[in-house]
Amino acid sequence: MAEDARLICAGAALADGGPGVRFTVRRHGADEPAFVVRFRGRVHAYLNRCGHVPVELDWQHGEFFDDSRLYLICATHGALYAPESGQCLGGRCSGRGLTAVPVEERDGNIYLIPTE
Ligand code: FES
């Protein structure tokens with residue numbers, strides 16, 4: 001684990017395919033919204049910014065999965081993303097995926113790994 005990794009939340013806070021946890025990440029000198037979810041046992045984090053229009057994905061805080069719990073969905077126009085990669089799978093993201101944020105799960109907690 002990086003020396004300056006920042007705690008986001010307890011690993012138990014993320015149910016598989018369940019609500020995500022929002023946090024901020026410092027990028028290019030500004031704090032940007034991000035989120036972390038658990039999918040098929042692993043945690044994945046992305047900037048909370050749709051590939052279509054740069055708005056946050058969740059219309060209800062923390063609700064990033066669609067009803068099937070297999071895809072991340074943008075609440076504004078319904079773009080679908082792969083939870084494990086952030087790849088655009090359909091809809092108005094038109095091939096523009098989510099931006100991954102480096103996190104790791106260790107000793108029961110989830111940490112942000114700073115990049116700047
Ligand atoms: S803003 Fe996300 S699909 Fe349009």
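Residues numbered from 1 in each chain as written. Predicted model: local features only at pLDDT ≥ 70, side-chain atom pairs only at ≥ 80, totals over all residues. Heavy atoms only, no water.

**Some thoughts on the overall build of the chain**
- From N to C terminus, the chain includes 0 helices and 9 strands.
- Beginning at the N terminus, the succession of helices and strands in the chain can be written as β-β-β-β-β-β-β-β-β.
- Expected size for 116 residues packed as a compact globule is a radius of gyration near 13 Å; at 13 Å, the chain falls within 12% of this value.
- Across its three principal directions, the C-alpha atoms of the chain cover 40 × 30 × 20 Å.
- Looking at the 116 residues of the chain, the share that counts as buried comes to 41%.
- Pairs at least 24 residues apart make up 47% of the contacts formed inside the chain by residues separated by at least 6 positions.
- Put simply, the chain shows about 6200 Å² of open surface, and 48% of that area lies on carbon and sulfur atoms. (Helix = DSSP H or I, 4+ residues; strand = E, 2+ residues; numbered from the N terminus. Rg over C-alpha atoms; globule rule 2.2 N^0.38 Å. Buried < 20%, exposed > 50% of the residue type's maximum accessible area, 1.4 Å probe, protein only. Contact = heavy atoms within 4.5 Å. Areas by Shrake-Rupley, 256 points an atom, 1.4 Å probe, with all protein chains shown as cover.)

**Quick notes on the pattern of salt bridges**
- What the rule picks out here adds up to 8 salt bridges.
- Measuring nitrogen to oxygen at the nearest pair gives 3.6 Å for the salt bridge that ties E32 to R27.
- Exposure remark for E32: the relative accessible area of 17% places this residue in the buried category.
- By relative accessible area, R27 is classed as partly exposed at 23%.
- Linking R49 and E32 is a salt bridge whose minimum nitrogen-to-oxygen distance equals 3.0 Å. Of this pair, R49 sits in the loop between strand 4 (42-47) and strand 5 (72-73) while E32 sits in strand 3 (residues 30-39); the two residues are 17 residues apart in sequence, bridging distant segments of the chain.
- On the accessibility criterion, R49 (30% relative accessible area) is partly exposed.
- Three or more residues joined by partner-sharing salt bridges are found here, namely R22, E56 and D58. (Salt bridge = Lys/Arg side-chain N within 4 Å of Asp/Glu carboxyl O.)

**Some details on the sheet that holds strand 3**
- On the basis of which strands lie adjacent, the open sheet formed by 3 strands has the order 2-3-4 and antiparallel pairing. In this open sheet, the two strands that pair with only one neighbour each are strand 2 (21-27) and strand 4. Strand-to-strand twist across the sheet, computed as the mean angle between neighbouring axes with direction ignored, equals 35°.
- As judged from the 7 bridges shared by strand 2 and strand 3, these two strands associate in the antiparallel manner. Opposite R26, over in strand 3, you have D31 as the bridge partner. (Pairing = 2+ DSSP bridges. Axes fitted to C-alpha atoms, helices over the stretch in contact; angles between N-to-C directions.)

**Here we look at the environment of D31**
- Its location among the elements puts D31 in strand 3.
- Every residue in contact with D31, bar those within four places of it in the chain, is listed here: T24, V25 and R26.
- One polar contact links D31 to R26, side chain to side chain, over a distance of 3.2 Å. (Polar contact = N/O pair within 3.5 Å; in protein donor to acceptor, adjacent residues only side chain to side chain.)

Don't take any of this as a statement about function, it's just geometry.
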